[in-house]
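Chain by chain, the residues run as shown.
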Amino acid sequence: MTEPEMWEAVQRSDASYDGLFFYAVKTTGIFCRPSCKSKPPKRENLCYFASGEEARAAGFRPCKRCRSDLLEYQPMREIAAEIKARLDKASSLDDVGLTPRRMTDVFKQEYGVTPKKYADSLRLRTAKEMLAGSPEKVIDVAYQTGFSSLAAFNRFFKQQTGQTPTAYRKEHQVL
C-alpha cells in the first residue's frame, strides 16, 4: 500500500482500511486506526505502521477515541448485547446507563427492532409454548408472561397471531 493511499484513507476516516495499517502522529505520540474520527493531522507529522505492536514499539500510545489497541472495539454493540441479555432474562433495564430513547436507538441499530418489540416477541414465544405444551389456564399464562390482565393478553395475542389464545391452544396443544 502506498503512502498517498494511506493518507487518503486517514483523511476520509475510511474504516475499510482498519487492520491494514495504523498511523501515528509524531507531535502527540498517539497512534490511530484509519477510521479514527479525530481531526486529521498534518501530513508531515504522520508515520505509518503495519500493526499496533509496531507503533507501540516505536514509542506511540493508543488513541483513546478510536481505541486502536482493540481491533473490535464497538461499545454500542456491547451495550446492545447487554440490553438483549437483560431482556432475555427479564431483568431491569434501569441501570444500563442510557436514556430510554438512546437505549432504543442503540438496540434498534444493532438488532433491527426496538427493545419493546424484542421483549414482546419473547413473551409471545413463551406464551405459545405454554399454551401448546402445558395445561395452565389461559389467565395463568397471561400473568406468567408479564401481562397485568387477561384482556391485555388476549388483545396482544390476537394482534400478533390472528387468533385468540384459546383457539391457538386447541390448534397446537401437544398434551
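As shown above, the structure is provided for reference.
Owing to the predicted nature of the structure, the values given are computational and were not obtained by experimental measurement. (Residues numbered from 1 in each chain as written. Predicted model: local features only at pLDDT ≥ 70, side-chain atom pairs only at ≥ 80, totals over all residues. Heavy atoms only, no water.)

**Q** Can you help me understand the overall build of the protein chain in this one?
**A** From N to C terminus, the protein chain includes 8 helices and 4 strands. When the helices and strands of the protein chain are listed from N to C terminus, the series reads α-β-β-β-α-β-α-α-α-α-α-α. Counting only C-alpha atoms and orienting by the principal axes, one finds that the protein chain spans roughly 75 × 30 × 25 Å. The buried share of the protein chain, taken over its 175 residues, is 38%. Here the analysis covers contacts within the protein chain between residues at least 6 apart in sequence; of these, 50% occur between residues at least 24 apart. Distance between charge centres in the protein chain, computed from 29 positive and 22 negative side chains, equals 6 Å. (Helix = DSSP H or I, 4+ residues; strand = E, 2+ residues; numbered from the N terminus. Buried < 20%, exposed > 50% of the residue type's maximum accessible area, 1.4 Å probe, protein only. Contact = heavy atoms within 4.5 Å. Lys, Arg positive; Asp, Glu negative; His and termini not counted. Charge placed at Lys NZ, Arg CZ, Asp CG, Glu CD.)

**Q** How should the layout of surface pockets be read in this particular structure?
**A** To find leftover empty space, a probe the size of one water molecule is rolled over the atoms. Space inside the second largest pocket adds up to approximately 220 Å³. Elements with a contribution of two residues or more to the lining of the second largest pocket: α3 (75-88) and α5 (115-133). If you tally residues by element for the lining of the second largest pocket, the top one is α5, at 4 residues. When the residues that make up the lining of the second largest pocket are grouped by side-chain class, the tally is 4 nonpolar, 5 polar and 3 charged. (1 Å grid on protein atoms, 1.4 Å probe; cavity = no way out; pocket = protein on both sides within 12 Å on 5 of 7 lines; lining within 4 Å. Points joined across faces, edges and corners; volume = space filled by probe spheres on them. Nonpolar A, V, L, I, M, F, W, Y, C, P; charged D, E, K, R; others polar.)

**Q** Would you mind showing me how to read unusual backbone geometry here?
**A** Excluding glycine, residues mostly have negative phi values, and the peptide bonds linking residues are mostly trans. For Ser13, which is not glycine, the phi torsion reads 55° and is therefore positive. Its place among the elements puts Ser13 in the loop between α1 (3-12) and β1 (22-25). The backbone of Arg67 sits at a positive phi, close to 50°, despite the residue not being glycine. Mapped onto the secondary structure, Arg67 falls in the loop between β4 (61-62) and α3. With relative accessibility at 26%, the residue Arg67 sits in the partly exposed group.

**Q** Sorry if this is basic, but what is going on with the pairing of β1 here?
**A** Put simply, side chains in a regular strand alternate between the two faces of the sheet. Every second residue of β1 is oriented toward a common face, with Phe22 and Ala24 on one face and Tyr23 and Val25 on the other, all of them buried. Relative to strand β2 (residues 30-32), β1 runs antiparallel, the two sharing 3 bridges. Considered in β2, the bridge of Tyr23 is made with Cys32. The antiparallel hairpin formed by β1 and β2 contains 4 residues in its connecting segment, where Gly29 sits at a positive phi of about 75°. (Pairing = 2+ DSSP bridges.)

**Q** Can you walk me through the sheet that holds strand β3 (residues 46-49) in this structure?
**A** Pairing between the strands of a sheet comes from backbone hydrogen bonds, and it takes one of two forms, parallel or antiparallel. Read from one edge of the open sheet, 4 strands run β3-β1-β2-β4, paired in mixed fashion. Here the strands that pair on one side only, and so sit at the sheet edges, are β3 and β4. Packing of α1 onto the sheet brings it into contact with β1 and β3, and relative to β3 it is tilted by some 105°. (Axes fitted to C-alpha atoms, helices over the stretch in contact; angles between N-to-C directions.)

**Q** Would you take a moment to explain a nonpolar patch on the surface for this structure?
**A** Taken together, the side chains of Ile139, Tyr143 and Leu150 define a hydrophobic patch exposed on the protein surface, amounting to about 240 Å² of accessible area. Within the secondary structure, Leu150 sits in helix α7 (residues 150-161). Its relative accessible area of 30% is what places Leu150 among the partly exposed residues. (Patch = residues over 30% accessible without salt bridge, like charges linked within 9 Å, V, L, I, M, F, W, Y side chains within 5 Å. Areas by Shrake-Rupley, 256 points an atom, 1.4 Å probe, with all protein chains shown as cover. Salt bridge = Lys/Arg side-chain N within 4 Å of Asp/Glu carboxyl O.)

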